[in-house]
Amino acid sequence: MNSKNLAKYIEATDGISKPWLLVQLRMKKLQERRSEISAEEYMIELADLHRDLMNLGEWWVGIEDEVF
């Protein structure tokens, strides 16, 4: 699945309000640009994505039935 298809899926399933899906979209876009950017820039952006993902924490606690 490319980033355009993932974006369409997120939009169709009302995933805009789900930050973990937006992190996945950012990761897919970064993956698609990997050959166009330097290794250093890639690692910086990857570290930024990782930090944002870790900041989500245990967002699912208490709402497991709704999100899984």
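Read on for a plain summary of the structure. (Residues numbered from 1 in each chain as written. Predicted model: local features only at pLDDT ≥ 70, side-chain atom pairs only at ≥ 80, totals over all residues. Heavy atoms only, no water.)

Some points on the overall build of the chain
Within the chain, the secondary structure is distributed over four helices and zero strands. Helices and strands in the chain line up, N terminus first, as α-α-α-α. Principal-axis analysis of the C-alpha atoms places the extent of the chain at approximately 40 × 25 × 15 Å. A total of 68 residues make up the chain; the buried ones form 18% of that total. Looking at the chain as shown, the accessible area adds up to about 5300 Å², and 55% of this sits on carbon and sulfur atoms. (Helix = DSSP H or I, 4+ residues; strand = E, 2+ residues; numbered from the N terminus. Buried < 20%, exposed > 50% of the residue type's maximum accessible area, 1.4 Å probe, protein only. Areas by Shrake-Rupley, 256 points an atom, 1.4 Å probe, with all protein chains shown as cover.)

A few points about helix H2 (residues 19-33)
The first and last C-alpha atoms of H2 sit 21 Å apart over 15 residues, in line with the 21 Å expected at 1.5 Å per residue. Taken together, the buried positions of H2 are Trp 20, Leu 21, Val 23, Leu 25 and Leu 30. Residues of H2 that are buried in the fold lie against helix H1 (3-12), helix H3 (39-55) and helix H4 (64-67). (Expected span 1.5 Å × (residues − 1). Contact = heavy atoms within 4.5 Å.)

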